[in-house]
Amino acid sequence: SDNDGLWTAMYIAAECYRYAVTKDPEAKRFARDSLEALMFLESVTGIPGLMARTIAKPDEPHDSVLKTRPRQWDNFSADGNWRWKGDTSSDEVVGHYYGYSVYFDLCADESEKEEIRDKVRRITDYIIAGNYFLLDVNGKPTTYGIWNFFDPWYRRFMFWNRGLNSLEILSHLKTAYHITGDEKYQRAYLDLALNHDYAKFTVNQKINIPGFINHSDDELAFLSYYPLLKYEKDKELLKFYHQSIIQAGK
């Protein structure tokens, strides 16, 4: 089907919250098993930093392919044991950062933290190297893997999802900085937030136009707010994010 990483990450977070409260080893085991599945979505592609939308055995049935994007399932792992779905969306990326951040903070021991650091570095470096596009196997941006709003074309024509995607990438970069401690992610975060107005863009991330309201976007927004509001301490930036979340609730 679709978006395995997003749904798996939400399950990981739920079990991490259960573990944090109860210390039930079953919760930790369930979270760890699903963490391995989440990490495998990045490993299976053979492209460091690019995660699959979902995976299947080569002979397993899989969801019908959209006529507009007919080759999503034409990808196989290097060993030929897995078929994986491409054209990875921002939904998947949001799920990975959310799931990794919650596990890192609530469940991870030192060896697991290093595993998560490695994955987060790979994904974040891949996005930055792609000029804030998620590049597919063909080297072109995926349909919804777009966080570049300083490119003139995208700044002009992609304004309708500029607020949400700005919120996403700021959350991702802040999460990467929190997990790795690497200052380059903080510098990239501040560059987008301040020099390219991404912090301001977040204020109007919620689309309330009849016919264009998409409640799955609400899900992506709140999974992005969660780590961003946990990790950001700057009062001036928080003014934008608090205004954004209040606006989203209206």
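All of these numbers come straight from a predicted model, not from anything done at the bench. (Residues numbered from 1 in each chain as written. Predicted model: local features only at pLDDT ≥ 70, side-chain atom pairs only at ≥ 80, totals over all residues. Heavy atoms only, no water.)

Novice: Quick one: what's the story with the overall build of the protein chain, residue by residue and with numbers?
Specialist: Helix and strand content of the protein chain: ten helices and four strands. Along the chain direction, N to C, the helices and strands of the protein chain fall in the order α-α-β-β-α-α-β-β-α-α-α-α-α-α. Its C-alpha atoms give the protein chain a radius of gyration of 18 Å, near enough to 18 Å, the size a compact globule of 250 residues would have. Summarising the internal contacts of the protein chain: among those between residues at least 6 apart in sequence, 63% fall at separations of at least 24. With the model as given, the accessible surface of the protein chain reaches about 11,900 Å², and the carbon-plus-sulfur share is 55%. One finds the centroid of the 31 positive side-chain charges in the protein chain at a distance of 5 Å from the centroid of its 37 negative side-chain charges. (Helix = DSSP H or I, 4+ residues; strand = E, 2+ residues; numbered from the N terminus. Rg over C-alpha atoms; globule rule 2.2 N^0.38 Å. Contact = heavy atoms within 4.5 Å. Areas by Shrake-Rupley, 256 points an atom, 1.4 Å probe, with all protein chains shown as cover. Lys, Arg positive; Asp, Glu negative; His and termini not counted. Charge placed at Lys NZ, Arg CZ, Asp CG, Glu CD.)

Novice: Account for the packing of aromatic side chains, with residues named and values stated.
Specialist: Within this structure, the stated rule accounts for seven aromatic pairs. Both rings, one in Tyr 17 and one in Tyr 226, keep their centres 6.2 Å apart while their planes meet at 75°; by these two values the pair is edge-to-face. Taken together, the residues Tyr 17 in helix H1 (residues 4-22) and Tyr 226 in helix H9 (residues 215-231) connect sequence positions 209 residues apart. By relative accessible area, Tyr 17 is classed as partly exposed at 29%. (Phe/Tyr/Trp six-rings, centres within 6.5 Å; stacked < 30°, edge-to-face > 60°. Buried < 20%, exposed > 50% of the residue type's maximum accessible area, 1.4 Å probe, protein only.)

Novice: Before we move on, can you summarise unusual backbone geometry with the specific residues and values?
Specialist: Of note, the phi angle at Lys 23 is positive, near 60°, even though the residue is not glycine. Structurally, Lys 23 is set in the loop between H1 and helix H2 (25-43). According to the relative accessible area criterion, Lys 23 is exposed, its value standing at 51%. Despite not being glycine, Asn 131 shows a phi value in the positive range, around 60°. By the secondary structure assignment, Asn 131 is in the loop between helix H4 (110-129) and strand E3 (133-135). Taking the relative accessible area as the measure of exposure, Asn 131 reaches 38% and is therefore partly exposed.

Novice: Help me get a handle on the pairing of strand E4 (residues 141-146), residues and values and all.
Specialist: Inspection of the sheet shows E3 paired to E4 by two bridges, in the antiparallel sense. Bridging across to E4, Phe 133 finds its partner in Ile 146. From the end of E3 to the start of E4, which pair antiparallel, there are five residues, and Gly 139 there has a positive phi angle of about 80°. (Pairing = 2+ DSSP bridges.)

Novice: Describe the packing of helix H3 (residues 90-106) against H4, and please don't skip the residues or the numbers.
Specialist: Two numbers describe how H3 lies on H4: the axes approach to 10 Å, and their chain directions differ by 155°. Classed by the angle they form, the pair H3 and H4 counts as roughly antiparallel. With respect to the hand of their crossing, H3 and H4 are arranged in left-handed fashion. Mapping the contact onto sequence places Val 93, His 96, Tyr 97, Tyr 100, Tyr 103 and Phe 104 in H3 and Glu 112, Lys 113, Ile 116, Arg 117, Lys 119, Val 120, Ile 123, Thr 124 and Ile 127 in H4. Considered class by class, the residues forming the contact of H3 with H4 number nine nonpolar, two polar and four charged. (Axes fitted to C-alpha atoms, helices over the stretch in contact; angles between N-to-C directions. Parallel < 35°, antiparallel > 145°, perpendicular 65-115°, else oblique. Left-handed = near helix turned anticlockwise from the far one by under 90°. Nonpolar A, V, L, I, M, F, W, Y, C, P; charged D, E, K, R; others polar.)

Novice: Quick rundown of the side chain of Lys 28? Include the residues and the values.
Specialist: With respect to the helices, strands and loops of the structure, Lys 28 is situated in helix H2. The buried category is assigned to Lys 28, whose relative accessible area is 19%. Other than its neighbours up to four places away in sequence, Lys 28 contacts Tyr 19, Tyr 103, Cys 107 and Glu 112.

Novice: Got a sec to walk through the nonpolar core? Specific residues and values, please.
Specialist: With 63 residues, the main nonpolar core has Tyr 100, Tyr 103, Ile 116, Ile 127, Tyr 132, Ile 169 and Tyr 241 as its most contacted residues. Of all the elements, H3 adds the most residues to this core, at eight residues. Among all residues touching Ile 169, those that are not within four sequence positions of it are Ile 127, Tyr 132, Trp 147, Leu 192 and Tyr 198. (Core = buried A, V, L, I, M, F, W, Y, C linked by side-chain atoms within 4.5 Å.)

Novice: Account for the pattern of salt bridges, with residues named and values stated.
Specialist: Under the criterion given, the structure shown has 16 salt bridges. In this structure, Glu 26 engages Arg 18 in a salt bridge whose closest nitrogen and oxygen atoms are separated by 3.1 Å. Owing to a relative accessible area of 33%, Glu 26 belongs among the partly exposed residues under this scheme. Linked by salt bridges that have partners in common, Lys 28, Arg 32, Glu 36, Glu 112 and Glu 115 make up one network. (Salt bridge = Lys/Arg side-chain N within 4 Å of Asp/Glu carboxyl O.)

Novice: So what's going on with helix H6 (residues 162-180)? Residues and values would help.
Specialist: Taking 1.5 Å as the rise per residue, H6 with 19 residues should run 27 Å; its terminal C-alpha atoms sit 27 Å apart, in good agreement. Burial of H6 is extensive: 16 of the 19 residues sit out of reach of the surface. Gly 181 sits one or two residues past H6 and shows a positive phi near 75°. (Expected span 1.5 Å × (residues − 1).)

Novice: Break down H3 for me, with residues and values.
Specialist: With 17 residues, H3 extends 24 Å from end C-alpha to end C-alpha; this agrees with the ideal 24 Å at 1.5 Å per step. Counted residue by residue, H3 has 15 buried out of 17 residues, so it is predominantly covered.

Scope: geometric values only; no functional claims are made or implied.
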